[in-house]
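Below are the chains, spelled out letter by letter.
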Amino acid sequence: NAGVTQTPKFRILKIGQSMTLQCAQDMNHNYMYWYRQDPGMGLKLIYYSVGAGITDKGEVPNGYNVSRSTTEDFPLRLELAAPSQTSVYFCASSYGTGQGRAGELFFGEGSRLTVL
Amino acid sequence: QKEVEQDPGPLSVPEGAIVSLNCTYSNSAFQYFMWYRQYSRKGPELLMYTYSSGNKEDGRFTAQVDKSSKYISLFIRDSQPSDSATYLCAMSDSSASKIIFGSGTRLSIRP
């Protein structure tokens, strides 16, 4: 099983450019998440989704947008990139409360973004 | 005030020592409490999982939740160099939807 797949793994952006980080999962999970992790820090929740068509803001949503048109995909859009968005971005998914251990997140390998 | 507070360390202990990692939280609605382990340049992986209060043991690892004090702990017995990693606490309410992480504690076990 592929699990959670993120693309690209690395990207360098210029200030003001836009891009989309892709995330796909093949575990039929209802819940999906985007976190960012700055060097030496924990994970900050950007956006999350409990199902197709439903998204909610996390702790640090400013400068980002998401959509969830299918169960499998949860892309993260960065508009007008700024140096403060330099970080490692992790996508994650979980069953939610439906089955398995609620709150158990399965993470992708991360996308390292640098904004210069 | 942050919802979840965690001492960032770093923490360095000799091999074989007992390690204690802790988090405090402010949201009394939290019901699910997790500990994740993250190796360098990797995504976090679930290590321990607890629902509501109490203790849970898995091999050398013990997780404790004290909801009255809003305090959770992870104990590692007979620590090994392979335990060197960043440990992150995480928690959520009964919806298990919005999952908040602590800032992580970087742990190093010296051979």
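Residues numbered from 1 in each chain as written. Chains lettered and ligands numbered in written order. Predicted model: local features only at pLDDT ≥ 70, side-chain atom pairs only at ≥ 80, totals over all residues. Heavy atoms only, no water.

Regarding the packing of aromatic side chains
The full count for this structure, using the stated rule, is 13 aromatic pairs over all chains. Where F107 of chain A meets Y36 of chain B, the ring centres are 6.0 Å apart and the plane angle is 85°; that geometry is what we call edge-to-face. Placement of F107 of chain A in strand β10 (residues 106-107) and of Y36 of chain B in strand β4 (residues 32-38) is noted, with the two residues assigned to different chains. Each member of the pair F107 of chain A and Y36 of chain B is classed as buried. Aromatic rings pair up to connect Y33, Y35, Y48, F90 and F107 of chain A together with Y36 and F101 of chain B into one cluster. (Phe/Tyr/Trp six-rings, centres within 6.5 Å; stacked < 30°, edge-to-face > 60°. Helix = DSSP H or I, 4+ residues; strand = E, 2+ residues; numbered from the N terminus. Buried < 20%, exposed > 50% of the residue type's maximum accessible area, 1.4 Å probe, protein only.)

Section: unusual backbone geometry
The amide bond that connects T7 of chain A to the next residue, P8 of chain A, takes the cis arrangement and shows omega of -5°. Along the chain, P8 of chain A turns up in the loop between β1 (4-7) and β2 (10-13). Look at the link from G9 of chain B to P10 of chain B: it is a cis peptide, with omega at 10°. In this structure, P10 of chain B sits in the loop between β1 (4-6) and β2 (11-14). Backbone geometry at N28 of chain A places phi at a positive 60°, although glycine is not the residue there. Tracing the backbone shows N28 of chain A in the loop between β3 (19-25) and β4 (31-37). Given the relative accessible area of 57%, N28 of chain A is considered exposed.

Some words on the interface of chain B and chain A
On the chain A side, the residues contacting the 22 residues of chain B number 22 residues. Between chain B and chain A, roughly 1,900 Å² of surface is buried when both sides are summed, and carbon and sulfur atoms account for 58% of that area. The tally of links from chain B across to chain A stands at zero salt bridges. Applying the counting criterion to the chain B and chain A interface returns eight residue pairs in polar contact (both at pLDDT 80 or more). (Contact = heavy atoms within 4.5 Å. Buried area = accessible area lost by both parts, 1.4 Å probe. Salt bridge = Lys/Arg side-chain N within 4 Å of Asp/Glu carboxyl O. Polar contact = N/O pair within 3.5 Å; in protein donor to acceptor, adjacent residues only side chain to side chain.)

Brief notes about the side chain of R37 of chain B
Residue and element names in this part refer to chain B. Residue placement: R37 occurs in strand β4. In this structure the side chain of R37 is engaged in a polar contact, spanning 3.4 Å, whose partner is the side chain of Y39. Those residues in contact with R37, other than ones at most four positions away along the chain, are G43, P44, E45, L47, F61, D83, A85, T86 and Y87.

Thoughts on the side chain of S92 of chain B
Residues and elements named next belong to chain B. With respect to the element layout, S92 can be found in strand β9 (residues 85-92). Classification of S92 by relative accessible area gives buried; the value is 0%. The contacts of S92, once residues within four sequence positions are left out, are A29, F30, Q31, Y32, K98 and I99.

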